[in-house]
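# Summary of the model geometry
One letter stands for each residue in the lines below.
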Amino acid sequence: MSTYDPSKIEPRWQKYWLENKTFKTPENKDKPKYYILDMFPYPSGSGLHVGHPEGYTATDILARYKRMKGFNVLHPIGWDAFGLPAEQYAVKTGTHPRETTEKNIKIFREQLQMLGFSYDWDREVDTTDPNYYKWTQWIFLKLFERGLAYESEEPVNWCPELGTVLANEEVIDGKSEVGGFPVIRRPMRQWVLKITAYAERLLEDLEGLDWPESTKEMQRNWIGKSIGAEIDFAVPQHEEKIRVFTTRPDTIFGATYMVLAPEHYLVDVVTTDEQKEEVAKYKEYAEQKSDLERQDLSKQKSGVFTGGYAINPANGKEIPIWIADYVLAHYGTGAIMAVPGEDERDWEFAEQYGLPIVRTVQPPDDFEGTAFTGDGPSINSDFLDGLYITDAKTKIINWLEENGVGKKSVNYKLRDWLFSRQRYWGEPFPIIHVDGEPKPVPEKDLPVTLPDVDDFQPTKTGEPPLARAKNWVETTDPETGKKALRETNTMPQWAGSCWYYLRYISPDFDGGPVDQNEEKYWMPVDLYVGGSEHSVLHLLYARFWHKVLYDCGVVSTKEPFQKLVHQGMILGEVEYTAYEKDGKIISAEEAAKTEGVKRVKLSENDVEKKGERFVMKGTEIMVDSKAHKMSKSRGNVINPDDVVEKYGADSLRLYEMFMGPLEQVKPWSTKGVEGVNRFLNRTWRLFFGENKEEKINISEDNPSSEQLKVLHEAIKKVTEDIENMRFNTAISALMIFVNEANSWENVPRSVAEPFLILLSPFAPHIAEEIWNRLGHKQSLAHEDWPQFKEEFLVEESVEIPVQVNGKVRANITVPADKQKDKEFVIGLAKQQKNIIRYLDKTTIIKEIFVPGRIVNLVVK
RNA sequence: GCGAGAGUGGCGGAAUUGGUAGACGCGCCAGAUUUAGGAUCUGGUACUUUAACCGGUGUGGGGGUUCGAGUCCCCCCUCUCGUACCA
């Protein structure tokens, strides 16, 4: 083998690493630890796409680097293997999901190994393994014991197409997140987790986390804390009072009507006989609207008068009670006091139905809008008049509390977590029903394993597939011997991924989900890398479970993931598109406004840049230039297997890191892969030369100061860049080294070897191969990371730009030991031919001198 | 609407604390090698002016601070992502 051939060297090292357990997590605890985690992959049937290796390569570089820096590194991988696709495949083909899952895991594992990731394969976990889900069930029992898991008969998001209910977080625009099927609301008995009990802590503890600000903000918004007041409105002739939640109790004097959600439990109480029919009609109308329709029709408000009245406790006035679906049953108390003067939604509604509007905050003179939501002095508000919002709030809340009609109150948007699914391929609940009451399965009887069934289809009535396993469902209560029925719902896919990072710490431990001695050493996760699509769902659920486990004394940290980074999506190659209408090409701008246009794909050679836009070559016709999301339908999916086959895993890893900053969205470019592949070829030639035999081009000479300088520049840059996860510029520094070194007569071993170590986290196969050919018997994975030494960077002379009035007019070369000598440097600067020209007939009014950096002469 | 982030060559992207804008890679141009193509190597490549030097203009647009601004401040435009009747 005389040329660089990744297909030969890569499998060899992959095999070596596996057989020698090169990346086994150390057992001793005498070094600092580093826990570096990838988000739990779902082993889908279609295998890896190029998005996976992006985050995985980033973490792998860090893991390999940290090992060489003297850390004990925990870098595991496993499978979030419960889930719908395997089950749907089972419904279609009758293949047991376990079979499909096992097959897919095998493919995934092989693909990951093919990319040379340094996982500790002895710690692989699989959520579908009974030894794993035993502890998922155990944690559920903890939740149950603490009153954080309860059954509830509530309207839920039922998706007929998927045959299951979905969590609010899984419903997007009224459709299922998975598959995009319509979702309707329907009451069913469900398990619910009381995540709301942790709302405040989930919010507060975001503070100390090193997470992207946008992700923290999304979680804050999702939790949606708002501070205000609950106020009771009496209803004449009725016992019940209507309680509302408002963030603007200061505007109560402007509450000219009330609105209840159509589902509110007092609607029928307050409705008068005359309005009964109309109210019933509206309720039915609102009920039938799906969430999607509610949003579509949001521009036009609707509602009906109930005929009833309530008393505004602030001024004793009677105000009409309406129902309208712009008030949501599940937020606050499901009822509002409407203050049209100060709230845009109420204003719109009041205007539509001719309800009175009273302003309670004085808008500025030039205010021209409708409702005024800004700050200002209170008006029309009796004892609040003149007070600004903050003071008015304090005063009215005191007044409400004194008069027993209201109190300060905090409200959260966050709702309890709907935790059951009508599916087969999920964790069974460790719950039996005795006399209709739920009862935990004793800990010693865990795990409750999945029974086999012959049909994976949910029943039309919404009975889960597990209900078909009669012998399994019908059991006896081990305590009383009574007949009992097992819970037939299963847990959602989130369950297993809520705590997997703990199982990696002690995957074989059988005394609990995690060995606490190990947990104290390894937690928290130091770096967690994964897609931003999990910003709310997984990351909020996992934080919730972690806090519960903290309260149970199972874990020692309040938060699981100290630092979080999202890798950006990789888009397809840039595409140029022209638009055709009736056989004629029209501009992209026109096409956007025209019906029935045909898209024509152009090659890069057909277009050119003109001003801000791309046009067809030689014309003025504008075309679109855009990188699109990879999708099967668009046919722009890049398959990592193909890239590895053609260029090797090292090239794929290197390219994905070289594309740009990790967090950024970026388009794929096959030409770019060729570029980094060329770099690896040049690297190979640096060691083995042009000669066809395998002669090593390395000398045992002492390095020159120039060679040391080039090496140490690389060490400095690569080290700093890895620490800051700037992999693209680290690779650039490696390229600069190779470009320089290729011009040398020979490469001294003492320069070549440190370089190989710098290269190895990025392109581990080629680095190991060359290392080995340099005569080393052992992997370089545990070598020491080279130490950067400032002394080698010292230049003999430095170049300093000379500016006149802020513009560079000359460059001067100054001996290094003179670079801080102001007089010398400025003196030299003034002798430059081009500088003399600019100084002619002027007066220097200021001389700026930044040692070693710049000279600026300000003249007049 | 609201929230967050981003606008730099033909393209992906570099630029410590304000101090030579365009590192590195792609593409393109020229040359070497080759029967030819590919691969490889060498050099060039922001725009503009020039034979060349010397200049001029340039980091979405406008203003400001500064000896000096891609970087700091104010206003505006565009794009991406998230979110949406949350009282």
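Residues numbered from 1 in each chain as written. Chains lettered and ligands numbered in written order. Predicted model: local features only at pLDDT ≥ 70, side-chain atom pairs only at ≥ 80, totals over all residues. Heavy atoms only, no water.

### Details of helix α20 (residues 649-658)
Burial runs high along α20: nine of the ten residues are buried. All buried positions along α20 are accounted for by A649, D650, S651, L652, R653, L654, Y655, E656 and M657. (Buried < 20%, exposed > 50% of the residue type's maximum accessible area, 1.4 Å probe, protein only. Helix = DSSP H or I, 4+ residues; strand = E, 2+ residues; numbered from the N terminus.)

### Digging into unusual backbone geometry
Between L446 and P447 the backbone carries a cis peptide bond, its omega angle lying at -5°. You can see P447 is positioned in the loop between β19 (437-440) and α13 (470-473). Cis rather than trans, the peptide bond between M523 and P524 has omega equal to 0°. Tracing the sequence through the fold places P524 in the loop between α16 (516-522) and β22 (527-529). The phi dihedral of M725 is positive, around 55°, even though this residue is not glycine. The residue M725 is located in the loop between α22 (705-723) and α23 (727-741) in this model.

### Quick notes on the side chain of N72
When you line up the elements, N72 lands in strand β2 (residues 72-74). Residue N72 is classed as buried on the basis of its relative accessible area of 1%. Polar contacts involving the side chain of N72 include one to the main-chain carbonyl oxygen of N28, which spans 3.1 Å. Contact partners of N72, with chain neighbours within four places excluded, come to P26, N28, K29, D30, K31, P32, K33, Y34, Y521 and W522. (Polar contact = N/O pair within 3.5 Å; in protein donor to acceptor, adjacent residues only side chain to side chain. Contact = heavy atoms within 4.5 Å.)

### Structural notes on the pattern of salt bridges
Where charged atoms from two side chains of opposite charge approach closely, those side chains can pair. In the structure shown here, the tally under the stated rule is 47 salt bridges. The partner of E200 in a salt bridge is K225, and the shortest N-O contact between them spans 3.0 Å. Taken together, the residues span a long stretch of sequence, with E200 in helix α6 (residues 199-204) and K225 in strand β10 (residues 225-234) at a distance of 25 residues. As a salt-bridge pair, E230 and K407 come within 3.4 Å of each other at their nearest N and O atoms. Placement of E230 in strand β10 and of K407 in strand β16 (residues 406-412) is noted, with a sequence separation of 177 residues between them. You can call E230 buried: its relative accessible area is 17%. Taken together, the shared-partner salt bridges in this structure form one network comprising D205, R543, K547 and E559. (Salt bridge = Lys/Arg side-chain N within 4 Å of Asp/Glu carboxyl O.)

### Some words on the sheet that holds strand β21 (residues 483-486)
Pairing is antiparallel across the open sheet formed by four strands, whose spatial order is β19-β18-β21-β20. The sheet is open, and its two edges are formed by β19 and β20 (474-476), each paired on a single side. Across this sheet, the average inter-strand angle for adjacent strands is 45°, counted without regard to direction. Of the strand pairs in this sheet, β20 and β21 are connected by three bridges, and their pairing is antiparallel. Bridge pairing in β21 links T475 to A484. (Pairing = 2+ DSSP bridges. Axes fitted to C-alpha atoms, helices over the stretch in contact; angles between N-to-C directions.)

### Observations concerning the state of the cysteines
Tallied over the entire structure, the rule returns zero disulfides. Free of any disulfide, C552 has its nearest neighbouring cysteine sulfur in C498, separated by 14 Å. Overall, C552 belongs to the partly exposed group, its relative accessible area being 25%. (Disulfide = S-S within 2.5 Å.)

### Details of the packing of aromatic side chains
Using the criterion set out here, one finds 52 aromatic pairs in the structure. Taken together, a centroid distance of 5.6 Å and an interplanar angle of 85° make the contact between W322 and F349 edge-to-face. On the criterion of sequence distance, the pair formed by W322 in strand β14 (residues 318-324) and F349 in helix α11 (residues 344-353) is long-range, its members being 27 residues apart. Ring plane angle 85° and centroid distance 5.9 Å describe the contact between F737 and W744, whose orientation is recorded as edge-to-face. Note on accessibility: F737 and W744 belong to one class, buried. Here the basic side chain of K29 rests over the ring of Y521, its NZ or CZ set 5.1 Å away from the ring centre. Over the ring of Y34 we find K66, and its NZ or CZ is 4.6 Å from the ring centre. (Phe/Tyr/Trp six-rings, centres within 6.5 Å; stacked < 30°, edge-to-face > 60°. Lys NZ or Arg CZ within 6 Å of the ring centre and 35° of its normal.)

### Notes on the sheet that holds strand β17 (residues 417-418)
One open sheet holds the four strands; their spatial order is β6-β5-β9-β17, and the pairing between them is antiparallel. Looking at which strands have only one partner, the edges of the open sheet turn out to be β6 (164-166) and β17. Both strand β9 (residues 184-193) and β17 contribute to a ladder of two bridges, which runs antiparallel. If you follow V192 over to β17, its bridge partner there is L418.

### Some points on the nonpolar core
Counting residues in hydrophobic clusters, the biggest one holds 88 residues, and the most contacted among them are W668, F687, F727, F737 and F762. Top contributing element to this core by residue count: α23, with nine residues. F762 has contacts with I61, R653, L654, V718, I722, F727, A730, I731 and L734, leaving out every residue within four places of it along the chain. Counting 83 residues, the second largest nonpolar core, distinct from the first, contains I195, L202, Y501 and L502. (Core = buried A, V, L, I, M, F, W, Y, C linked by side-chain atoms within 4.5 Å.)

### Quick look at the protein's contact with RNA strand B
RNA strand B sits among 52 residues. The nearest are T247, Y331, R345, K413 and N856. By atom count, sugar and phosphate contribute 67% of the portion of RNA strand B lying within 4 Å of the protein. Between RNA strand B and R809, the relevant distance is 3.1 Å, taken from a phosphate oxygen to a side-chain nitrogen or oxygen of the residue. Residue N856 places a side-chain N or O atom 2.5 Å away from a base oxygen belonging to RNA strand B. For the surface near RNA strand B, the element with the most residues is α23, which contributes six residues. Partitioned by chemical class, the residues of the surface near RNA strand B number 21 nonpolar, 15 polar and 16 charged. (Near = heavy atom within 4 Å. Nonpolar A, V, L, I, M, F, W, Y, C, P; charged D, E, K, R; others polar.)

### Let's talk about the environment of N834
The topology assignment puts N834 in helix α27 (residues 833-839). As for N834 and A810, which are separated by 24 residues in sequence, their C-alpha atoms are 6.6 Å apart. Only 2.8 Å separates the side chain of N834 from the backbone oxygen of R809, close enough to count as a polar contact.

### Things to note about the packing of helix α2 (residues 51-68) against α20
Interaxial distance between α2 and α20 falls to 9 Å at its minimum, and their mutual angle equals 100°. With respect to α20, the element α2 is oriented roughly perpendicular. The residues of α20 that touch α2, namely those facing P53, E54, T57, A58, D60, I61 and R64, are L652, R653, E656 and M657. Residues belonging to the contact of α2 with α20 are distributed by class as follows: five nonpolar, one polar and five charged. (Parallel < 35°, antiparallel > 145°, perpendicular 65-115°, else oblique.)

### Some words on helix α24 (residues 749-759)
Burial runs high along α24: nine of the eleven residues are buried. Taken together, the buried positions of α24 are occupied by V751, A752, E753, P754, F755, L756, I757, L758 and L759.

### Considering the confidence of the model for chain A
Residues of chain A with pLDDT of at least 70 account for 97%, and the chain-wide mean is 90. When pLDDT is averaged over each element of chain A, helix α15 (residues 500-503) comes out on top at 98 and helix α10 (residues 291-296) at the bottom at 57. (pLDDT = per-residue confidence, 0-100.)

### Here we look at the environment of S118
Within the fold, S118 resides in the loop between α4 (97-114) and β4 (125-126). Using a relative accessible area of 0% as the deciding quantity, one classes S118 as buried. Measuring from C-alpha to C-alpha, the distance between S118 and I61 comes to 9.0 Å, with 57 residues separating the pair along the chain. If we skip the residues at most four places from it in the chain, S118 touches F23, D60, A63, R64, R67 and H75.

### Quick look at the packing of helix α21 (residues 670-688) against α24
Axis separation between α21 and α24 bottoms out at 12 Å; the angle between their running directions is 155°. The orientation of α21 relative to α24 falls into the category roughly antiparallel. In the packing of α21 onto α24, the handedness of the crossing is left-handed. Where α21 abuts α24, its residues F679, T683 and F687 lie against A752, F755, L756 and L759. When its residues are assigned to classes, the contact of α21 with α24 shows six nonpolar, one polar and no charged. (Left-handed = near helix turned anticlockwise from the far one by under 90°.)

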